[in-house]
Amino acid sequence: MESIFDKIKELREVTSYSKHDQIVVGIINAIDQKIVSPNDLLPSVNQMIQELSFSRETIRKGYGELVDRGVVESKNRIGYYVTNAQTDQFMKVALIMYNLDTFEELFYRNFRKELGSKVHLDVFFHHGSVDVLESTLFQIKGKYGMYVVAPIPHRKTKEILEAIPRSNLLIFDRFEQLDGEVSYIAQEFERSTYAALEALAEKIRLFDEIIFYHSPKSLDPKEIVSSFKRFLHDFSIRGRIVSEFVPGSVEKGKAYFTLDNYTMWAILKECKSQKLVMGVDVGLLSANDEPAKEFVDITTYSTDFALMGKLAGQSIMQKQRIQVILPNVLIRRKTL
């Protein structure tokens, strides 16, 4: 009866195959020919060294590629075992997001498109909970070739992400400073927020004041808060921060700034009920552009989430490190 070792050794005659290729293709052939099946334990690294006389590093890299493809998994103190018989798969990717708002769906759709049909993608949501992020990564650790994670601004986040090998991690949306080189595609908030408000300064002056809805307990970027305060000071514009939107509080002559879609739609609804004209009686600036906001002509400032998804997918497919900070750009429309 043929063994995994036989399938690897028979590839020695293929001159174009390196030792690394022999391991990867040999094990794939063994799975395809049902010599081994899902849940079967594969030879240990030491057994492979003894049988094939390959270096430990070569064997580990071979197993590592099979782990990246989602064909093999690694468990501490147990070893490598087969998990997936779909061997034509290029890679297995875990995407961990906040949730699936419309603008995040723009990221997902473009990311999925770049990965193509041979990449298996599983999507998880942490909803801004560091405990959910930690438990999710604990449960899926070692099961994916790439982990694409939207980090949470929390003191525990760095410790949680440090457990993922740098070559298997791509951070997106928010930036998290980790030790060593890591791939990231993140938004820039501080300069972009100030620049957007600065560009709108003359419009904002037409209103009595600008109200920024921001709860100190929220996960909103703190850089936006500091930029808003600096803008008010530098331009001598009247404004204030309100922790929560109160229904019935919309007033003529006010401009409003919100990062929350629920608050944005509530303001629009109240303006409609009071027959207030957006951009004339009331001003409105929203974050994170999406098709619905374009349709109802809302002024936004936003990063390009479609581009973010595209760049993330390209980085994975090309197996290249990426380090990009995308600005938030003002999109002028009717409301301010």
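Residues numbered from 1 in each chain as written. Predicted model: local features only at pLDDT ≥ 70, side-chain atom pairs only at ≥ 80, totals over all residues. Heavy atoms only, no water.

(A) Region of interest: the side chain of Ser302. With respect to the helices, strands and loops of the structure, Ser302 is situated in strand 12 (residues 299-302). A residue is classified by how much of its surface remains accessible, and Ser302, at 5% relative accessible area, is buried. Looking at Ser302, its side chain comes within polar contact range of the main-chain nitrogen of Asp289, at 2.9 Å. Not counting residues up to four positions away in its chain, the partners in contact with Ser302 are Asn288, Asp289, Pro327, Asn328 and Val329. (Helix = DSSP H or I, 4+ residues; strand = E, 2+ residues; numbered from the N terminus. Buried < 20%, exposed > 50% of the residue type's maximum accessible area, 1.4 Å probe, protein only. Polar contact = N/O pair within 3.5 Å; in protein donor to acceptor, adjacent residues only side chain to side chain. Contact = heavy atoms within 4.5 Å.)

(B) Geometry of the packing of aromatic side chains. Applying the stated rule across the entire model yields 15 aromatic pairs. When the ring of Tyr213 is compared with that of Phe245, the centres are 5.6 Å apart and the planes differ by 80°; the resulting orientation is edge-to-face. Placement of Tyr213 in strand 8 (residues 209-213) and of Phe245 in the loop between strand 9 (239-242) and strand 10 (254-258) is noted, with a sequence separation of 32 residues between them. Aromatic pair Tyr213 and Tyr256: ring centres 6.0 Å apart, planes at 5°, arrangement stacked. Taken together, the residues span a long stretch of sequence, with Tyr213 in strand 8 and Tyr256 in strand 10 at a distance of 43 residues. An aromatic cluster of at least three residues, connected via ring pairs, comprises Phe212, Phe228, Phe257 and Tyr301. Residue placement shows Lys92 over the ring face of Tyr144; its charged tip is 4.9 Å from the ring centre. The side chain of Arg230 reaches across the aromatic face of Tyr194, ending 3.9 Å from its centre. (Phe/Tyr/Trp six-rings, centres within 6.5 Å; stacked < 30°, edge-to-face > 60°. Lys NZ or Arg CZ within 6 Å of the ring centre and 35° of its normal.)

(C) Representation of the side chain of Thr299 within the structure. In this structure, Thr299 sits in strand 12. If we ignore the near neighbours within four places in the chain, the residues touching Thr299 are Leu200, Leu284, Leu285, Ser286, Leu330, Ile331, Arg332, Arg333, Lys334, Thr335 and Leu336.

(D) How the structure looks around helix 10 (residues 222-235). Counted at 1.5 Å a residue, the expected span for helix 10 with its 14 residues is 20 Å, and the 20 Å between its end C-alpha atoms agrees. For helix 10, every residue scored as buried is listed here: Ile224, Val225, Ser227, Phe228, Phe231, Leu232 and Phe235. One side of helix 10 carries all its buried residues, which in axial view fall inside an arc of 165°. Residues of helix 10 that are exposed and point more than 90 degrees away from the buried face comprise Lys229 and His233. On its buried face, helix 10 is in contact with helix 8 (190-199), helix 9 (201-204), strand 8, strand 9, strand 10 and strand 12. A positive backbone phi angle near 50° is found at Ser236, which sits one or two residues after helix 10. (Expected span 1.5 Å × (residues − 1). Arc of directions from axis to C-beta.)

(E) Highlighting the environment of Gly180. Relative to the assigned elements, Gly180 resides in the loop between strand 6 (169-173) and strand 7 (183-188). Between the alpha carbons of Gly180 and Tyr17 there is a distance of 32 Å; along the sequence they are 163 residues apart.

(F) Layout of the domain arrangement of the protein. By domain assignment, the protein separates into domain 1 (4-82), domain 2 (92-188 + 305-327) and domain 3 (189-303). Distance from the C-alpha centre of domain 1 to the C-alpha centre of domain 3: 57 Å. (Domains from an automatic or database assignment.)

(G) Region of interest: the pairing of strand 10. With 5 of 5 residues buried, strand 10 lies mostly within the body of the structure. Along strand 10, one buried face is formed by Lys254, Tyr256 and Thr258 and the opposite face, lined by Ala255 and Phe257, is buried too. Note: strand 8 against strand 10, 5 bridges, orientation parallel. Among the inter-strand pairings, Phe212 is bridged to a residue of strand 10, identified as Phe257. The sheet contact formed by strand 10 and strand 11 (residues 283-287) spans 4 bridges and is parallel. When the bridges of strand 11 are listed, Phe257 appears paired with Leu285. In this region the chain leaves strand 10, passes through helix 11 (residues 261-274) and returns to the parallel neighbour strand 11; the handedness of that crossover is right-handed. (Pairing = 2+ DSSP bridges. Right-handed = clockwise from strand over helix to strand, strands pointing away.)

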